[in-house]
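The lines below spell out each chain.
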Amino acid sequence: MSAPRLLCLIGLAVSTCAAQDQKALSLSLAKAVEIATAPDGATRVRLAAEQIKAADARRARALGLLRPTVDGSYTFRSFTNNLQAMGISIPASTGFQLPTLVGPIETSDYRLTATQSIFDLPSIKRYQASKAQVTAARADNEAQVNQTKGAVAKAYLNALRADAAWNTASANVALAERLVKQAQSQKAAGTGTGIDVTRTEVSLANERQRLIVAQEDRETARLNLLRAMGVNLDVGLDLTDPIAYVPAEVPEPAKAVTAARELRPELKAQAERERSAKLSYDAMKYEQLPRISAFGDYGVLGRATDMMLPTRSAGISMKLPIFGVNRKDPERAESASLLRQEGIKTHDTAQQVELEIRVAVTALKSAESQVAVAMEALTQSEKELAQAERRYQAGVAIGVEVTDAQARVARARENNVSAVFRQKSARIDLGVAVGNIDLMLQ
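Given the structure is predicted, the values throughout are model-derived calculations rather than measurements.

**What about the overall build of the chain?**
Each helix and strand in the chain was counted, giving 10 helices and 6 strands. Buried positions account for 36% of the 442 residues belonging to the chain. Accessible area for the chain stands at about 25400 Å²; split by element, carbon and sulfur atoms hold 56% of it.

Written out as structure tokens, the structure reads:
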């Protein structure tokens, strides 16, 4: 790619960025997290809220089986009866004669009917299981909110890293341009050579190429941040938080695991799912117990509106399975298997949480060391470049020393940005793993 074309592309990228910044939304990390976790924010947060509503609907349905039911009815009946068919007859010797066919008779019946469960242990256990599912759904919602906070925070940091990389690439281009002018001046003064000018021009072209790539990464990172927040992708952003290094305390893995057992909503959700499976298994186990319910009705019955008479009935019924109990054995076996599966998942979830914490602690510890090394390397490379420039201007060094030093400064700057990003990213991962992500975002 020719130098004029590179300059054109860079100018277009910078002008596009400037145009966007004029309409950009000032966005801090706290604001980005707030937008993502709002009721109409990120997709996973909205889905988790719907899961709570679905679980609560199942709880209400299970509770409905334990609540009283009251029904109203109206029955109109027109009928005839054959007395002889019913075995009713009077011998002729008695002198009485009954008609063979009685009717038609028309009756109206207005009635209220009520039933109430008194003792139904399987339904009670299923209701308790549905309540545990609601609690699990709420804990899942907390987990999704925490995961969303972590994802948005990392996307925000990645956008900051991309901005810093773009600024670093711009600074490297400016430095390369200055070295080109210096090499040209040295050549014009007779203290430099053409190869020195060529080397600096090649270095400038490379830095311009890196600037174009950095601009692309910057735009991509901002789009990913907007997607993580759940907002329109055409919104311009002005990120207000700096990507400055702040030392972090590296906790002991054992203490972090202990804290996670109390804080991680995933563990709470899985514990409630296992409890729900246990209650569902108990419901199947108690299917062979009797079920007791009360019933009653009250209404008026008669042939005409002026002949309506009140009638009622009330009682208690008990249902006890006698035959066919074994047909429930497959369902009980399935319920027992589901309970064992939830127990396995509970153990696996605990192991996964511990793994995430140990990995995050290791990454944070490594990132802290990398930042220290990167900062020291950047300081030393900048000193080397300053010395190389002085030596070159004094005529006691060749231009290749300057270009080599310039390359090391550019690499050191990039390494420093990457190290700070990894340190902040590891800190967020640790917050998500322990369950105290809010503390890490302060």
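Back to the write-up after that little detour.
**Here we look at the packing of aromatic side chains**
A complete count under the given rule lists 1 aromatic pair for this structure. Look at Tyr74 and Tyr110: their rings are 4.6 Å apart centre to centre, the planes differ by 40 degrees, and that puts the pair in the tilted class. Linking Tyr74 in strand E2 (residues 69–82) with Tyr110 in strand E3 (residues 101–119), this pair joins segments that are 36 residues apart in sequence. With a relative accessible area of 44%, Tyr74 lands in the partly exposed category. The ring of Phe79 has Arg77 lying over it, and the distance from NZ or CZ to the ring centre is 4.3 Å. We note Arg161 situated over the ring of Phe421; from NZ or CZ to the ring centre the distance is 5.7 Å.

**A look at helix H4 (residues 121–189)**
Look at H4: 100 Å from first C-alpha to last across 69 residues, which is about the 102 Å you get at 1.5 Å a residue. One or two steps after H4, the chain reaches Gly190, where phi turns positive at roughly 85 degrees.

**Points about the sheet that holds strand E6 (residues 309–319)**
An order of E2-E3-E5-E6 is seen for the 4 strands of this open sheet, with the pairing classed as antiparallel. The open sheet has two edge strands with one neighbour each: E2 and E6. Averaged over neighbouring strand pairs, the angle between their axes works out to 25 degrees when direction is ignored. As defined by bridge partners, E2 adjoins E3 across 13 bridges and the pair is classed as antiparallel. Bridge pairing in E3 places Thr75 opposite Asp109.

**Brief notes about helix H2 (residues 29–36)**
Those residues of H2 lying buried are Leu29, Ala32, Val33 and Ala36. Angularly, the buried residues of H2 cover 95 degrees about the axis, an arc narrow enough to put them on a single face. Those residues of H2 hidden inside the fold are in contact with strand E1 (25–27), helix H3 (43–64), H4 and helix H5 (194–229).

**Some words on the pattern of salt bridges**
Counted by the stated rule, this structure contains 22 salt bridges. Between Asp297 and Arg111 there is a salt bridge, with the nearest N and O atoms lying 2.9 Å from each other. Within this pair, whereas Asp297 is found in strand E5 (residues 291–302), its partner Arg111 is found in strand E3, the two being separated by 186 residues in sequence. In this structure, the salt-bridge partner of Lys278 is Asp282, at a minimum N-O distance of 3.0 Å. Placement of both Lys278 and Asp282 in helix H7 (residues 265–285) is noted, with a separation of 4 residues, approximately one turn of the helix. Its relative accessible area of 38% is what places Lys278 among the partly exposed residues. Through salt bridges with shared partners, a single network forms among Asp120, Arg126, Glu287 and Arg291.

**Points about the side chain of Ser276**
Of note, Ser276 is situated in helix H7. A distance of 3.0 Å separates polar atoms of two side chains, one belonging to Ser276 and the other to Gln133. Apart from the residues within four sequence positions on either side, Ser276 is in contact with Ala129, Ala132 and Gln133.

**Some remarks on a nonpolar patch on the surface**
Taken together, the side chains of Tyr74, Phe76 and Tyr110 define a hydrophobic patch exposed on the protein surface, amounting to about 340 Å² of accessible area. Tyr110 gets classed as partly exposed once you look at its relative accessible area, which sits at 42%.

**Brief notes about the pairing of E5**
Bridging between E3 and E5 involves 11 bridges; their strand directions are antiparallel. Opposite Asp109, over in E5, you have Leu301 as the bridge partner. Strand direction decides the pairing type here: E5 and E6, joined by 11 bridges, are antiparallel. If you follow Gly299 over to E6, its bridge partner there is Thr311.

**Some words on the environment of Phe421**
Position of Phe421 relative to the elements: it lies in helix H9 (residues 399–434). What makes Phe421 buried here is its relative accessible area of 17%. Sequence-wise, Phe421 and Arg161 are 260 residues apart; in three dimensions their C-alpha atoms are separated by 6.3 Å. Excluding its chain neighbours within four sequence positions, the residues that come into contact with Phe421 are Lys154, Leu157, Asn158, Arg161 and Ile243.

**Observations concerning the packing of H3 against H4**
Relative orientation of the contacting elements H3 and H4 amounts to 175 degrees, with a least axis distance of 8 Å. The angle between H3 and H4 places the two elements in the roughly antiparallel class. Of the residues contributing to the contact of H3 with H4, the split by class is 11 nonpolar, 7 polar and 7 charged.

**Some words on the nonpolar core**
Membership of the largest hydrophobic core comes to 42 residues, with the highest contact counts inside it found for Leu27, Val152, Tyr156, Leu225, Leu239, Ile357 and Leu430. Elements with a minimum of two residues in this core: H2, H4, H5, strand E4 (237–239), helix H6 (253–263), helix H8 (329–393), H9 and helix H10 (437–440). In terms of residue count, the dominant contributor to this core is H4 (9 residues). If near-sequence neighbours (up to four positions away) are discounted, Tyr156 is found in contact with Leu27, Ser28, Leu29, Ala32, Leu225, Leu239, Thr240 and Asp241. Of all hydrophobic cores here, the second largest spans 10 residues; its members include Leu385, Ala388, Tyr392 and Ala405.

Analysis parameters
- Residues numbered from 1 in each chain as written.
- Predicted model: local features only at pLDDT ≥ 70, side-chain atom pairs only at ≥ 80, totals over all residues.
- Heavy atoms only, no water.
- Helix = DSSP H or I, 4+ residues; strand = E, 2+ residues; numbered from the N terminus.
- Buried < 20%, exposed > 50% of the residue type's maximum accessible area, 1.4 Å probe, protein only.
- Areas by Shrake-Rupley, 256 points an atom, 1.4 Å probe, with all protein chains shown as cover.
- Phe/Tyr/Trp six-rings, centres within 6.5 Å; stacked < 30°, edge-to-face > 60°.
- Lys NZ or Arg CZ within 6 Å of the ring centre and 35° of its normal.
- Expected span 1.5 Å × (residues − 1).
- Pairing = 2+ DSSP bridges.
- Axes fitted to C-alpha atoms, helices over the stretch in contact; angles between N-to-C directions.
- Arc of directions from axis to C-beta.
- Contact = heavy atoms within 4.5 Å.
- Salt bridge = Lys/Arg side-chain N within 4 Å of Asp/Glu carboxyl O.
- Polar contact = N/O pair within 3.5 Å; in protein donor to acceptor, adjacent residues only side chain to side chain.
- Patch = residues over 30% accessible without salt bridge, like charges linked within 9 Å, V, L, I, M, F, W, Y side chains within 5 Å.
- Parallel < 35°, antiparallel > 145°, perpendicular 65-115°, else oblique.
- Nonpolar A, V, L, I, M, F, W, Y, C, P; charged D, E, K, R; others polar.
- Core = buried A, V, L, I, M, F, W, Y, C linked by side-chain atoms within 4.5 Å.

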